[in-house]
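What the coordinates show
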Amino acid sequence: MRGHISAHAVCTAIRDDIVSGVLAPGSRLIEDILAARYGVSRVPVREALRTLQSEGFVTTRHHAGACVAELDEQEAADLLDIRALLEPLGAARAAARRSSAHLKVLRGLVRLGRERARHGHPADLRQLDSWFHETLAQATGSPSLTALLTQLRRKIEWMYVVEPPTRVTDSWDEHGAVLDAIARGDAERARALMAAHIERSLPVYRLRCAAPVVRESKRAVNTARART
């Protein structure tokens, strides 16, 4: 049955383990070991590593082969700058192109976010925030922009620890304001509000150390989270 598991699923599993620190920066990625870890053959592992190298999560070293890329402070800083450019653009595009289904999902997420913020559920809020921004990316109606925004958020999640914000309620009110602008089709206001939201959120990002604690992964690939 191993041959029926897609390279995309393997790529998702390996990427998740890199982002979470299970596979530490600089560690070797040996195809046979990864195949055994995720319960797959070497073929999808090889394809997954090529994809992850193109995304910047994996690098190839002379005499060592594929390795998890090292965290780079300059690149990390650049990613936040790129986010400040791309996410406001995404909000503007979403205002022009969102569907009624996107609005329904976004409204539900903002409602839940405000509710969890009032009752103090930080773990729920982190996941809801991720879903909100992922849905906004999909609402742009641009596969290329959606892919860029998705990859950007993955890289930022890998390079930064996001501390619980002190202004949780304000943050979700800002989400709500962005959503209102998108619902009205006001692209410029959506762009400006998203830019202000990103600027205010910068203090919660703390750069990860170069050698995070490595945790053991016991997940088979078919139980990995399905993130696209």
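Reference entry: report on the structure contained in this document. (Residues numbered from 1 in each chain as written. Predicted model: local features only at pLDDT ≥ 70, side-chain atom pairs only at ≥ 80, totals over all residues. Heavy atoms only, no water.)

1. Let's talk about a negative patch on the surface
Taken together, Asp-72, Glu-73, Asp-78 and Asp-81 make up a surface patch of like negative charges. Considering the arrangement of structural elements, one finds Asp-81 in helix H4 (residues 73-97). Owing to a relative accessible area of 51%, Asp-81 belongs among the exposed residues under this scheme. (Patch = residues over 30% accessible without salt bridge, like charges linked within 9 Å, V, L, I, M, F, W, Y side chains within 5 Å. Areas by Shrake-Rupley, 256 points an atom, 1.4 Å probe, with all protein chains shown as cover. Salt bridge = Lys/Arg side-chain N within 4 Å of Asp/Glu carboxyl O. Lys, Arg positive; Asp, Glu negative; His and termini not counted. Charge placed at Lys NZ, Arg CZ, Asp CG, Glu CD. Helix = DSSP H or I, 4+ residues; strand = E, 2+ residues; numbered from the N terminus. Buried < 20%, exposed > 50% of the residue type's maximum accessible area, 1.4 Å probe, protein only.)

2. Quick look at the pattern of salt bridges
A full pass over the atoms with the stated rule returns 14 salt bridges. Arg-83 is the partner of Glu-87 in a salt bridge, and the nearest nitrogen-oxygen pair spans 3.5 Å. One end of the pair, Glu-87, and the other, Arg-83, are both in helix H4, four residues apart, so they sit about a helical turn from each other. Like Arg-83, Glu-87 is buried. The closest approach of N and O atoms between Glu-87 and Arg-153, which form a salt bridge, is 3.0 Å. Of this pair, Glu-87 sits in helix H4 while Arg-153 sits in helix H7 (residues 143-159); the two residues are 66 residues apart in sequence, bridging distant segments of the chain. Side by side, Glu-87 and Arg-153 carry an identical accessibility label, which is buried. Through salt bridges with shared partners, one network takes in Glu-31, Asp-32, Arg-42 and Arg-46.

3. Thoughts on helix H8 (residues 168-184)
Its 17 residues place the ends of H8 25 Å apart at the C-alpha level, agreeing with the 24 Å of an ideal helix rising 1.5 Å per residue. Listing the buried residues of H8 in full gives Ser-171, Trp-172, Glu-174, His-175, Gly-176, Val-178, Leu-179, Ala-181 and Ile-182. (Expected span 1.5 Å × (residues − 1).)

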